[in-house]
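# Structural features, examined
Letter by letter, the chains look like this.
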Amino acid sequence: MNHNTKEKYKRLPGKSGFIILYSSKLWMGSDHLLLVHSVAGVEKYNRFYYRDIQSIITSKTITGKIWNVIIGVLLGIFLLLATTTQSGWSGFNTVMAAGFFLWLTIHLWRGPTCNTFLQTAIHTKKLSSLNRTKNTKKSMDRLKIVIEKTQGKLSPEVFKENVLKQPMDSGLRGTTAVYTPAKREPRHETGKIHALLFALLIIDAFFIIPTFFLTHVSFTIFSTIISLAVIITVIIALVKQAGSTIPGAIQKMTWTSMVFICISLILGYGFSLTMAFENMEVAYNQWELFKRVSKISPLDNTFMMGLHIYSLCGSFLIGIPGLVLLKHYWRNKRRASIE
Amino acid sequence: MISCTNCGTPLNSRMINTNVMMACPSCDGFLRADVYPALFKELSGGEPGETILTDSLASCFFHQDKKAVIPCESCGRFLCALCDIEFNNLHMCPLCLEKGKSKKKILNLENRRTCYDTIALYLAIFPMLLFFWPTILTAPMVVFMTAWYWKKPTTIVPRTKIRYILAFLIAALQILGWIVVFVLMITR
């Protein structure tokens, strides 16, 4: 018994993931669509036979726009720093600005982002490789031809007729009643941890303001403690919001905070390394180094100024809208419970 | 029923199979819905297998009291309607199907593969980018992996041997570099 005849697959446009850690691609076979998930050299396959595919739905998301804003802000900061600083820092800031410019160009060229779902009678699968509208359109057009070749065409009139005939609770036998990727009931989440996260971000921003005029180790200690609390809170919030009733806008805000924190950490780490190299005599004494960093005023160090402005803007831009969204969420919930 | 993926509002017939993105009437989110006839197709429940009433009829290998309807195209065992599994336009018994999956004889049942060419390439590149010294160990490993797994199948989708070639070349250069380092150390 050997049915291992080589299937001829054709690659569909679109790819998701990070080059090394994870990637997801779609391939078209003779009678099925192959979804290939690759994690560090190990590939996992999902097959969707053309005869079983009920629908493919794609919807535009704002993720791309959020990323464009984040990259644009970073590009602006580094451009500003590159034009205001002298000596070695200017070169570093120019290189960073060029990097962010390249990233932004690639992002804009790839086009708006989207989420794509494929539905069969028994499951709904997110096609993560189809995450840009440009590629998704090309792939859906190509898939439409082969699926219609297998199943035939469904006109809107026939669709309307059949939908009217369908009972709402038709379940898995026949059609899926409601198009939702998750079959589980969403978990109820109060959003208290999200409120704490956004509040901590605002508090963090308030601790940054005095450092423009005063330099003291106590400010740095408080700021570090709050930053640590923010990191812990954002992780808990991300875990809690998964599969919960928290609205999409708040979930996106939490993810944005995560990205903001990651960038802050990377920049902060880069700054600490530079300081360690510049103060080699105390590089092995963490406390001494900490005290030296605390004594530097943002007015004397342009990179620190940029970092402070970034943290200040980011904390307020995420914290305040986050709290406003939460307030709306709580108000709506209260109204719903009264009704 | 097909609903908006953002707000869950059922989509009307004007929004399906338009080939362009349209705004959802409820949430204004742009979406495109391609719907196919399989949406209205009933799932078949499967045949239970017909019970034998006379001795002259052939019975199923797995169910002695059920009437055989087809032989397995792989092992030849007689199968009843319940045991007959149609796969890749072939009629097979559950045992052959299971054997085909475990021994990776049926390509369409494979759901996981290790791509040694990718691993070899990662092993050749990353130690070099992080700290160069681990290449003293990884470079011979890459050469060994390239030689050992060269003929083993990689992914099920079309792919050339370029990863193996690149990995081998990088590893060979790393080994050459280490030889130069050792020679210089000895001669000094």
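Everything that follows concerns the structure shown earlier in this document.
Here goes a summary of the coordinates provided. (Residues numbered from 1 in each chain as written. Chains lettered and ligands numbered in written order. Predicted model: local features only at pLDDT ≥ 70, side-chain atom pairs only at ≥ 80, totals over all residues. Heavy atoms only, no water.)

## With respect to the packing of aromatic side chains
One pair of aromatic rings is described through two measures. These are the centre distance and the angle between the planes. As enumerated under the stated definition, the model contains 14 aromatic pairs over all chains in all. Residues Phe61 of chain B and Phe62 of chain B carry aromatic rings whose centres are separated by 5.1 Å and whose planes lie at 85 degrees to one another, so their mutual orientation is edge-to-face. On the basis of relative accessible area, Phe62 of chain B is assigned to the partly exposed category, the value being 30%. Arranged with centres 5.6 Å apart and planes meeting at 40 degrees, the rings of Trp150 of chain B and Tyr164 of chain B form a pair that is tilted. In this pair, Trp150 of chain B sits in the loop between α3 (135-149) and α4 (162-187) while Tyr164 of chain B sits in helix α4, placing the two residues 14 residues apart along the sequence. Overall, Tyr164 of chain B belongs to the buried group, its relative accessible area being 1%. Here a set of aromatic residues connected by ring pairs shows up, and it is made of Trp67, Phe78, Phe100 and Trp103 of chain A. Across the ring face of Trp109 of chain A, the terminal group of Lys134 of chain A is positioned such that the distance to the ring centre comes to 4.7 Å. (Phe/Tyr/Trp six-rings, centres within 6.5 Å; stacked < 30°, edge-to-face > 60°. Buried < 20%, exposed > 50% of the residue type's maximum accessible area, 1.4 Å probe, protein only. Helix = DSSP H or I, 4+ residues; strand = E, 2+ residues; numbered from the N terminus. Lys NZ or Arg CZ within 6 Å of the ring centre and 35° of its normal.)

## Details of the sheet that holds strand β2 (residues 23-28) of chain A
Spatially, β1(A)-β2(A)-β3(A)-β4(A)-β7(B) is the arrangement adopted by the five strands of the open sheet, whose pairing is antiparallel. Only two strands of the sheet have a single neighbouring strand rather than two, namely β1 (10-16) of chain A together with β7 (112-114) of chain B. Each strand axis lies, on average, 25 degrees off the axis of its neighbour in the sheet, ignoring direction. Where β1 of chain A lies against β2 of chain A, four bridges are found, and the strand directions are antiparallel. Across the sheet, Ser16 of chain A pairs through a bridge with Ser24 of chain A, a residue of β2 of chain A. Seen against the sheet, helix α3 (residues 133-151) of chain A touches β1, β2 and β3 (32-39) of chain A and runs at an angle of roughly 150 degrees to β1 of chain A. (Pairing = 2+ DSSP bridges. Axes fitted to C-alpha atoms, helices over the stretch in contact; angles between N-to-C directions. Contact = heavy atoms within 4.5 Å.)

## What about the environment of Thr274 of chain A?
Secondary-structure assignment places Thr274 of chain A in helix α7 (residues 248-278). Linking Thr274 of chain A and Pro210 of chain A, residues 64 residues apart in sequence, is a C-alpha distance of 24 Å.

## Quick look at a positive patch on the surface
Residues Lys327, Arg331, Arg334 and Arg335 of chain A make up a contiguous surface patch of positive charge. Mapped onto the elements, Arg335 of chain A comes out in helix α9 (residues 302-338). (Patch = residues over 30% accessible without salt bridge, like charges linked within 9 Å, V, L, I, M, F, W, Y side chains within 5 Å. Areas by Shrake-Rupley, 256 points an atom, 1.4 Å probe, with all protein chains shown as cover. Salt bridge = Lys/Arg side-chain N within 4 Å of Asp/Glu carboxyl O. Lys, Arg positive; Asp, Glu negative; His and termini not counted. Charge placed at Lys NZ, Arg CZ, Asp CG, Glu CD.)

## What to know about the sheet that holds strand β7 (residues 124-126) of chain A
The five strands lie next to each other as β7(A)-β6(A)-β5(A)-β2(B)-β1(B), forming an open sheet whose pairing is antiparallel. Only two strands of the sheet have a single partner each, and these edge strands are β7 of chain A together with β1 (22-23) of chain B. By the bridge criterion, six bridges tie strand β5 (residues 55-60) of chain A to strand β6 (residues 114-119) of chain A in an arrangement that is antiparallel. Each residue of the ladder has a partner; that of Ser59 of chain A, found in β6 of chain A, is Asn115 of chain A.

## Focus: the packing of helix α6 (residues 217-241) of chain A against α7 of chain A
Residues and elements named next belong to chain A. Their axes nearest at 10 Å, the elements α6 and α7 cross at an angle of 145 degrees. Crossing hand, α6 versus α7: left-handed. Contacts between α6 and α7 involve Val230, Ile231, Val234, Ala237, Leu238 and Gln241 on the former and, on the latter, Ile250, Gln251, Thr254, Trp255, Ser257, Met258, Ile261 and Leu265. Considering only residue class, the contact of α6 with α7 consists of 10 nonpolar, four polar and no charged. (Left-handed = near helix turned anticlockwise from the far one by under 90°. Nonpolar A, V, L, I, M, F, W, Y, C, P; charged D, E, K, R; others polar.)

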